Amino acid sequence: MKNEVTERREAAGQSQGELAESVGVTRQTINAIERERYDPSLELAFKLAEHFDCRIEDLFDPELDHESSE
Amino acid sequence: MFDSVRPTLDRLGGRKQAYERLVWGLTLVGCLGLFAGIVVDERLVGTVVYLVAVWIVMGVTFGYPYATDETILDERDTRLHNRASGLTIGIVAMATLSTVPALYVLDAGGYLTIGATLWGAIYAVSALAFLYGACYTIVSRRN
């Protein structure tokens, strides 16, 4: 899933390991999320959003087909 | 107890990599010990080496998370494990369902004979299927 984790983490001056420790996962999981190879659970998505003080939808873009629902 | 091994774990690089190195390294030692025991005809020694290594691996597997404050296994590991388990069961099921019934019918018709080894494998796979069914039932009732 597309996301802004890398941008927000770097803006916060954090390493992947530091972010991982903050939200209680491994560095490998943060790496996988940033490379869009792993979609986090809702719980982890909430933790990340809370960590960056933003909404989940600001952090993750599920690339839904918005036009089809209109 | 785990406080005493924490410095050692940290020296190994700490965290997840040290955990994985320990688990896979000890597993390798156990398997090599067992194999060496067979080769040099010291099977009892080889078996002891294997069992000790496996027990240590089990201790490390369950004890390491308590020996470090850092997260060693998380939701991604669980998801990878679940996917790998599902894939394994799927492959075994496909292989079994596509061969065993036909073999059984051919054996009953006298076209071929299922040997003792193959029967053992069939029983083992059947036991695995029952175990999977039982685990699935338990898990589905809890979720």
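Thresholds, definitions, all that
Residues numbered from 1 in each chain as written. Chains lettered and ligands numbered in written order. Predicted model: local features only at pLDDT ≥ 70, side-chain atom pairs only at ≥ 80, totals over all residues. Helix = DSSP H or I, 4+ residues; strand = E, 2+ residues; numbered from the N terminus. Rg over C-alpha atoms; globule rule 2.2 N^0.38 Å. Contact = placed C-beta atoms within 7 Å. UniProt positions renumbered as here; feature names shortened; annotations may be inferred. Core = buried A, V, L, I, M, F, W, Y, C linked by C-beta atoms within 7 Å. Buried ≥ 20, exposed ≤ 12 C-beta atoms within 10 Å, placed from the backbone. Axes fitted to C-alpha atoms, helices over the stretch in contact; angles between N-to-C directions. Parallel < 35°, antiparallel > 145°, perpendicular 65-115°, else oblique. Nonpolar A, V, L, I, M, F, W, Y, C, P; charged D, E, K, R; others polar.

- An unreviewed UniProt entry annotates chain B as DUF2178 domain-containing protein originating from Halobiforma nitratireducens JCM 10879.

- Under an unreviewed UniProt entry, the name given to chain A is Transcriptional regulator, and the source organism is Halobiforma nitratireducens JCM 10879.

### A short note on the overall build of chain A
- Check the secondary structure of chain A and you find 5 helices and 2 strands.
- Helices (α) and strands (β) of chain A occur, in sequence order from the N terminus, as β-α-α-α-α-α-β.
- Computed over its C-alpha atoms, the radius of gyration of chain A comes to 12 Å, within 12% of the 11 Å expected for a compact globule of 70 residues.
- Long-range contacts, defined as pairs at least 24 residues apart, comprise 50% of the intrachain contacts of chain A with a sequence gap of at least 6.

### Observations regarding the UniProt feature "transmembrane region" (unreviewed entry) in chain B
- Here, the residues flagged by UniProt with the feature "transmembrane region" (unreviewed entry) are residues 21-40, 46-67, 87-106 and 118-139 of chain B.
- Summarising residues 46-67 of chain B: 100% helix, 0% strand, and an end-to-end C-alpha distance of 29 Å.

### Regarding the nonpolar core
- Within the largest apolar cluster, 11 residues are counted, these being Val5, Leu19, Ala20, Val23, Val25, Ile30, Ile33, Leu44, Leu48, Phe52 and Leu59 of chain A.
- Among the elements of the structure, α2 (16-23), α3 (27-34) and α4 (42-51) of chain A are those that each provide at least two residues to this core.
- Top contributing element to this core by residue count: α2 of chain A, with 3 residues.
- For Val23 of chain A, the residues in contact, after removing those within four places along its chain, are Leu44, Lys47, Leu48 and His51 of chain A.
- Counting residues in each nonpolar core, the second largest holds 5 residues, with Leu26, Leu34, Tyr50 and Ala53 of chain B among its members.

### Regarding the interface of chain A and chain B
- Counting residues at the interface gives 10 residues for chain A, matched by 6 residues for chain B.
- Element by element, the count of residues in the side of chain A that touches chain B is highest for α3 of chain A, at 3 residues.

### Regarding the UniProt feature "domain: HTH cro/C1-type" (unreviewed entry) in chain A
- When the UniProt feature table is mapped to this numbering, "domain: HTH cro/C1-type" (unreviewed entry) covers residues 5-59 of chain A.
- Helix makes up 67% of residues 5-59 of chain A and strand 0%. Its end C-alpha atoms lie 7 Å apart.

### Focus on the environment of Leu51 of chain B
All names here are of chain B.
- When you line up the elements, Leu51 lands in helix α3 (residues 43-67).
- Classification of Leu51 as partly exposed rests on a count of 13 C-beta atoms within 10 Å.
- Considered as a pair, Leu51 and Trp24 are 27 residues apart in the sequence and their alpha carbons are 15 Å apart.

### Overview of the packing of α2 of chain A against α3 of chain A
Residue and element names in this part refer to chain A.
- Packing of α2 against α3 leaves a shortest axis separation of 8 Å and a crossing angle of 110 degrees. As the angle between them shows, α2 and α3 are arranged roughly perpendicular. From α2, Gln16, Gly17, Leu19 and Ala20 reach across to α3, where they touch Arg27, Thr29, Ile30 and Asn31.
- Here the contact of α2 with α3 is built from residues that sort into 3 nonpolar, 4 polar and 1 charged.

### Some words on unusual backbone geometry
- Even without being a glycine, Asp53 of chain A presents a positive backbone phi close to 55 degrees.
- Within the secondary structure layout, Asp53 of chain A lies in the loop between α4 and α5 (56-59).
- By the C-beta count within 10 Å, which is 9 here, Asp53 of chain A ends up exposed.
- Phi angles above zero are rare outside glycine, and Asp41 of chain B is one such case at about 60 degrees.
- Looking at where Asp41 of chain B falls in the secondary structure, it is placed in the loop between α2 (15-39) and α3.

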